[in-house]
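# Overview (structure and organization)
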Amino acid sequence: MAQTSTGGGQPARPMPMMGPGGPGGGPGRFMMGRKERAKNVRGTVLRIWKYMRKQKAGLAVTSLLVIAGSGLGLLGPYLMGRAIDQDIIQGDLAGLARTAWWMLVVYAGSSLAMWLQAYVMSAVSQETVRDIRNDLFSNLQTLSLRFFDQHTHGELMSRLANDVENISTVLAESVTHLLSGALTLVGVAVMMLLINVRLGIVSLVVLPLMMLLTQYISKHTRQGFREQQESLGMLNGIIEETVTGQRVVKAYTREEQVISQFEVQNRRLQRAATRARIFAGTMGPISNFINNLSLAIVAGIGGWMAVSGAATIGTIVSFVSYARQLGRPLNEIANLYNSIQSAIAGAERVFEIIDQVPEVQDAPDALPLGEVKGDVVFEDVTFGYDKDVPVLKQVSLHAEPGQTIALVGPTGAGKTTIVNLLTRFYDIASGSIRIDGADIRRLKKDDLRRQLGIVLQDTFLFSDTVMENIRYGRLDATDEEVIAAAKLANADQFIIRLPLGYQEPLSERASNISQGQRQLLAIARAILANPSILVLDEATSSVDTRTEKHIQEAMLRLMKGRTSFVIAHRLSTIREADLILVIDHGEIIERGAHRELLAQDGFYKHLYESQFKGQQHLIPELNPA
């Protein structure tokens, strides 16, 4: 669809849930007051693994390096004990030199393997996160407008940025440490049992205690990190809205209020993060306590065994070193625990979006839409953004090819909703909408929207050049075709006066050009798209008379030969429309041409007169004599 702008007359739809401190502070179903536990940790981890396993070569190399590094690390304590028992006690200096050399090689090899595995794993993690981010962003583009009605921009951006980045950090830093830690634990246990079974069993008695404590703490910590991520998303929503709406904030001197709103949400984030991190922070001290307990047991019992002759001094030294190695992966897990829990919570939030199914989808047998004549029929259409609150009630209309249909009525009457249904931004509850006899629910959405051009009151332009903003209407258009469209839209006159002409970059939201100039670019974009059916939200109320004339001339050129729906705010601009539909409370209460409606002396006439209050004597239609 040649959709050229967003905004305009907004539909009477449910507003996003009010979060703490103001509108947009919280998305529809992710409210602060609602406590959500991690739903499926195992399933989340398995889904991340599905992305990771695409990097088979990198994972294979990382695994080999982890095995090599862990294996070399296990040889060090053994060689140390051998050096004491066979070299130092026996006074074999040559043997000690050889053992020392091998210890140097072993520890150097272990360090090199650890560096290489971190290097390779960084590449694997970035490739994995790239795929997750692509899927997240791609699925966002498929979701229906109702989804975006219920979620703030900042909250969605938080998932794309913060949550995905948490996953990236953990994959790069934690996976190899966890794998290495697991291998080290198994290797240390095996080596201890091979050297001395009794002392080995005594040394490993602390492991079950550590596992039970970890399981208990993880169950409580994961929920805390999920709440922290949700609070962060809400805070981002406030930031995004405040930065975007700076002009309004300053115009109404609401700086103190937005600061207060920010502080309230910031405190909530601080409390959620503090709760999560305090609980998770117990892992480090507990791990250190158990590690030191293990060392004390080895030193005490090992010393007694050495005195009684049940073990050599070298064996005890090896066991002490292995006990330290046993504590290293436990300490690493404790240190990484916060990040791992945060990443799991973030991954769940990311996968929630990836799993969202578009509300409006193509039917399995959807038909392509060929050349469009522009015959549009609404038959008994009923619809509500909230199923219990209908916005349109049994609306019927017929627009013949090439006709101009004007939609008028008070704010919230349902004018923009008719447009939203024609474009299938939402699906109707009952009735049917047909284009050239085909129900639009049986047509492919992309084909339908390519035949529709929308120019709304609040024009949206991208942070790109003027040329590329117009070309957005048809990406394969040549520069010459873009310039021709701009000339037809009366936009060429101001474009060529810009410092860089068509290559002039527009700032965010095109704030470096006027509202009228933005509107002309939107019309040029629609002309370039060459749609069969037009929807125009008259946008001349906020521009000067000369610019208004240019915009109206451009709109008339755009409408020529096309079926057009005009949402009219100034009734004087739609006097020549083929059919005017007067909408109030979701129903068409009057229909006809301009003079016919004035003759009926009904709602339309009173609305028309109210716009020219005190000037009725200047309006010929109101003074037929």
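Computed from a predicted structure; not experimentally measured.

How each quantity is defined
- Residues numbered from 1 in each chain as written.
- Predicted model: local features only at pLDDT ≥ 70, side-chain atom pairs only at ≥ 80, totals over all residues.
- Heavy atoms only, no water.
- Phe/Tyr/Trp six-rings, centres within 6.5 Å; stacked < 30°, edge-to-face > 60°.
- Helix = DSSP H or I, 4+ residues; strand = E, 2+ residues; numbered from the N terminus.
- Buried < 20%, exposed > 50% of the residue type's maximum accessible area, 1.4 Å probe, protein only.
- Lys NZ or Arg CZ within 6 Å of the ring centre and 35° of its normal.
- Pairing = 2+ DSSP bridges.
- Contact = heavy atoms within 4.5 Å.
- Axes fitted to C-alpha atoms, helices over the stretch in contact; angles between N-to-C directions.
- Salt bridge = Lys/Arg side-chain N within 4 Å of Asp/Glu carboxyl O.
- Arc of directions from axis to C-beta.
- pLDDT = per-residue confidence, 0-100.
- Polar contact = N/O pair within 3.5 Å; in protein donor to acceptor, adjacent residues only side chain to side chain.
- Core = buried A, V, L, I, M, F, W, Y, C linked by side-chain atoms within 4.5 Å.
- Nonpolar A, V, L, I, M, F, W, Y, C, P; charged D, E, K, R; others polar.

Taken as a whole and assessed by the stated rule, the structure comprises nine aromatic pairs. Relative to Phe462, the ring of Phe460 has its centre 5.1 Å away and its plane inclined at 80 degrees; by these criteria the two rings are edge-to-face. Between the aromatic rings of Tyr604 and Tyr608, the centroid separation amounts to 6.0 Å while the plane-to-plane angle is 20 degrees, which identifies the pairing as stacked. Linking Tyr604 with Tyr608, this pair stays in helix 21 (residues 603–611), spanning four residues, or about one helical turn. Neither Tyr604 nor Tyr608 differs from the other in exposure class; each is buried. Among the aromatic side chains, those forming a connected cluster through ring pairs are Phe383, Tyr385 and Tyr426. Its guanidinium or amino end placed over the ring of Phe351, Arg47 lies 4.3 Å from that ring's centre, counting from NZ or CZ.

Let's shift gears to the sheet that holds strand 2 (residues 376–383). Strand order in the open sheet made by the four strands is 3-2-5-6, with antiparallel pairing throughout. Whereas interior strands pair on both sides, the edge strands pair on one side only; in this sheet they are strand 3 (392–399) and strand 6 (438–439). In this structure, strand 2 lies alongside strand 5 (residues 430–435), joined through five bridges in antiparallel fashion. The residue of strand 5 that forms the bridge with Thr382 is Ser430. Packing of helix 13 (residues 415–422) onto the sheet brings it into contact with strand 2, strand 3 and strand 5, and relative to strand 2 it is tilted by some 110 degrees.

Under the defined criterion, the tally for this structure stands at 16 salt bridges. The partner of Arg424 in a salt bridge is Asp427, with the nearest N and O atoms 2.8 Å apart. Overall, Asp427 belongs to the partly exposed group, its relative accessible area being 24%. Linking Asp476 and Arg474 is a salt bridge whose minimum nitrogen-to-oxygen distance equals 3.4 Å. Each of the salt bridges in this network shares a partner with another, and the network as a whole consists of Glu127, Arg130 and Asp131.

Here the focus is unusual backbone geometry. Of note in this structure, Asp380 is not a glycine but carries a positive phi near 50 degrees. Mapped onto the secondary structure, Asp380 falls in strand 2. Here the phi dihedral of His585 falls at roughly 55 degrees; this positive angle occurs in a residue that is not glycine. Mapped onto the elements of the fold, His585 is located in the loop between strand 10 (579–584) and strand 11 (587–592). For His585, a relative accessible area of 56% gives the class exposed.

Tracing the sequence through the fold places Ile433 in strand 5. Relative accessible area serves as the criterion here: at 2%, Ile433 is assigned to the buried category. In contact with Ile433, other than residues within four places in its own chain, are Val377, Phe378, Val381, Leu421, Leu422, Ile428, Ala438, Asp439 and Ile440.

Attention shifts here to helix 16 (residues 479–488). Within the sequence span of helix 16, burial applies to Val482, Ala485 and Ala486. The buried residues of helix 16 occupy an angular sector of 100 degrees when the element is viewed end-on, so they sit on one face. Here the buried face of helix 16 lies against helix 15 (466–471), helix 17 (492–495) and helix 18 (515–529). Downstream of helix 16 by one or two residues, Asn490 has phi in the positive range, about 65 degrees.

Before going further, it helps to spend a moment on the side chain of Asn469. Within the secondary structure, Asn469 is located in helix 15. Sequence-distant contacts of Asn469, defined by excluding residues within four places in its chain, comprise Leu461, Phe462, Asp464, Leu506 and Arg525.

Quick look at the confidence of the model for the protein chain now. Predicted confidence across the protein chain gives a mean pLDDT of 79, with 86% of residues reaching 70 or more. Confidence, expressed as mean pLDDT per element, reaches its minimum in the protein chain at strand 1 (residues 2–3) with 48 and its maximum at strand 2 with 94. Contacts for the low-pLDDT stretch residues 3–38, under 50 throughout, to residues beyond four places or in other chains number 109 contacts.

Okay, the side chain of Ser168 next. Mapped onto the fold, Ser168 is located in helix 5 (residues 153–173). Within polar-contact distance, the side chain of Ser168 engages the side chain of Gln126 at 2.9 Å. The contacts of Ser168, once residues within four sequence positions are left out, are Ser125, Gln126 and Val129.

This part covers the nonpolar core. Inside soluble globular proteins, nonpolar side chains tend to come together where they are buried. If you look at the biggest cluster of nonpolar residues, it comprises 45 residues, and the most contacted ones within it are Ile470, Ile495, Leu521, Ile523, Ile574 and Tyr604. The element best represented in this core is helix 18, accounting for eight residues. Those residues in contact with Ile470 that sit more than four places away from it in its chain are Val482, Ala486, Ile495, Tyr502, Leu521, Ala524, Arg525 and Leu528. Counting residues in each nonpolar core, the second largest holds 38 residues, with Ile405, Val535, Ile567 and Ile588 among its members.

The contact between helix 5 and helix 6 (residues 175–195) brings their axes to 4 Å, and the two run at 35 degrees. On the side of helix 5, the interface is formed by Val170, Leu171, Ala172 and Glu173, while helix 6 contributes Val175, Thr176 and His177. Of the residues in the contact of helix 5 with helix 6, the class split is four nonpolar, two polar and one charged.

Glancing now at the pairing of strand 11. In terms of strand pairing, strand 10 meets strand 11 through five bridges, oriented antiparallel. Counted as the bridge partner of Leu581 is Arg591 from strand 11.

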